[in-house]
Amino acid sequence: MNINQQVKPFMFMYRYDYFFHYLLINDEPLRLFLCQYISHDDSIIHTTIENSETYKPSYDGKKLVLDVVVKDDKGRYYNFEMQNRSIEEEDQIRFMRYGERLVDIQEKKGIKLQNIKEVYQLIIYTGKAIEGLKRYRHDIRKADRQGNKDFKGNRVKTVILQIEKMKEEKEMEKGLEIMEQLNHLFYYNEIHKYSEMDELVKGVVKMHEEFIRSEDFIRACEIERERSLIEAKLQRAKDNGKHEEKVVNAKAVLQVLFDKEDINWIEECCDEKLDRVFQLIGKNLKYEQFKQAIIEK
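Here the structure is a predicted model, which is why all the values come from computation and not from measurement. (Residues numbered from 1 in each chain as written. Predicted model: local features only at pLDDT ≥ 70, side-chain atom pairs only at ≥ 80, totals over all residues. Heavy atoms only, no water.)

A. Looking closely at the pattern of salt bridges. All chains considered together, the criterion is met by 14 salt bridges. Across the salt bridge formed by Asp41 and Lys74, the nearest N and O atoms sit 2.9 Å from each other. Here Asp41 is found in the loop between helix 2 (28-39) and strand 1 (47-59), whereas its partner Lys74 is found in the loop between strand 2 (62-72) and strand 3 (77-83), with 33 residues between them in sequence. Judged by its relative accessible area of 14%, Asp41 falls in the buried class. Residue classification places Lys74 among the partly exposed residues on the basis of a relative accessible area of 33%. Lys246 is paired through a salt bridge with Asp275; the nearest N and O atoms lie 3.1 Å apart. With a gap of 29 residues between them, Lys246 in helix 8 (residues 243-258) and Asp275 in helix 9 (residues 271-279) connect regions that are remote in the sequence. Through salt bridges with shared partners, a single network forms among Asp41, Asp72, Lys74 and Arg76. (Salt bridge = Lys/Arg side-chain N within 4 Å of Asp/Glu carboxyl O. Helix = DSSP H or I, 4+ residues; strand = E, 2+ residues; numbered from the N terminus. Buried < 20%, exposed > 50% of the residue type's maximum accessible area, 1.4 Å probe, protein only.)

Structure (structure tokens):
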């Protein structure tokens, strides 16, 4: 397969989600800076990759990291995400559930409730402004709206940076802070011409060059090919309502997502359940969860 046939222009952009994951894993100074930025704690000395979720399809038996969980030297968890598609209600629910899951992990490790550490989320968002959120930075908390007081039991602190709101700063003849330099690079795919490029930004530029030449980029190309296949199957299922066609498309999607041999059970599903296959794509369910969600519908 010719790799050039798989490469799409957006895959060379700094905001490409797989490059962002690659950054978090390999650029320790950047990871430390992001943790200090979102926690307002400059005393953090180092961070580690605590856990990662992987996109199921693999390339030569290797999986590509999709979500990365970071932990600092004080035991606090961090989740960073580059969100390039529109943030809808279901995405906001996902952010909340993911943050609470990192709280749950601590409880399952035997940490007493009152000793559970904060969980920080940073969502770098490149899409159109979220309805009702008009600023560049939004700090999301559980709070008393009337009294404007944080709920003491809340451990998840989420920051959403809407980079679209930086348009006014693009041509301003003044230097940007480090986080804004990074966001400018992510959004416009170029350094800010009025800022003296920070060492962290230089490191991101260098790592981007390495990423384009790496095996991780090749695996990303493979996954984009599989994504395109799923999208094509989705469109064909919408265009052609025949039951037999739906069965074929559903089996193809299951094969791509889970690489399982025992998928003939899908042939027994009615049209309503077959439609459910396509609705569940992107929900990050494990195979048995995916199957149960279809069968029990």
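B. Main features of the nonpolar core. Phe80 and Leu122 are the most contacted members of the largest nonpolar core, which has 46 residues in total. Considering every element that reaches this core, the biggest residue donor is helix 2, with seven residues. Not counting chain neighbours up to four residues away, the residues in contact with Phe80 comprise Phe20, Leu24, Leu34, Cys35, Ile38, Val68, Val70 and Leu122. Core analysis: the second largest hydrophobic core is formed by 17 residues, Val253, Leu257, Ile263 and Trp265 among them. (Core = buried A, V, L, I, M, F, W, Y, C linked by side-chain atoms within 4.5 Å. Contact = heavy atoms within 4.5 Å.)

C. Layout of the pairing of strand 4 (residues 119-125). Within strand 4, seven of the seven residues are buried, which leaves it mostly tucked inside the rest of the structure. Neither face of strand 4 is open: one carries Val119, Gln121, Ile123 and Tyr125, the other Tyr120, Leu122 and Ile124, and all of them are buried. As paired elements, strand 3 and strand 4 share seven bridges and run parallel to each other. Counted as the bridge partner of Met82 is Ile124 from strand 4. A crossover connection joins strand 3 to the parallel strand 4 through helix 3 (residues 89-108); in handedness this β-α-β unit is right-handed. Relative to strand 8 (residues 156-162), strand 4 runs parallel, the two being bridged by seven bridges. (Pairing = 2+ DSSP bridges. Right-handed = clockwise from strand over helix to strand, strands pointing away.)

D. Focus on the state of the cysteines. Within this structure, the stated rule accounts for zero disulfides. No disulfide involves Cys269; its sulfur sits 6.9 Å from the nearest other cysteine sulfur, which is in Cys270. For Cys269, a relative accessible area of 7% corresponds to the buried category. Here Cys270 falls in the partly exposed class, since its relative accessible area comes to 38%. (Disulfide = S-S within 2.5 Å.)

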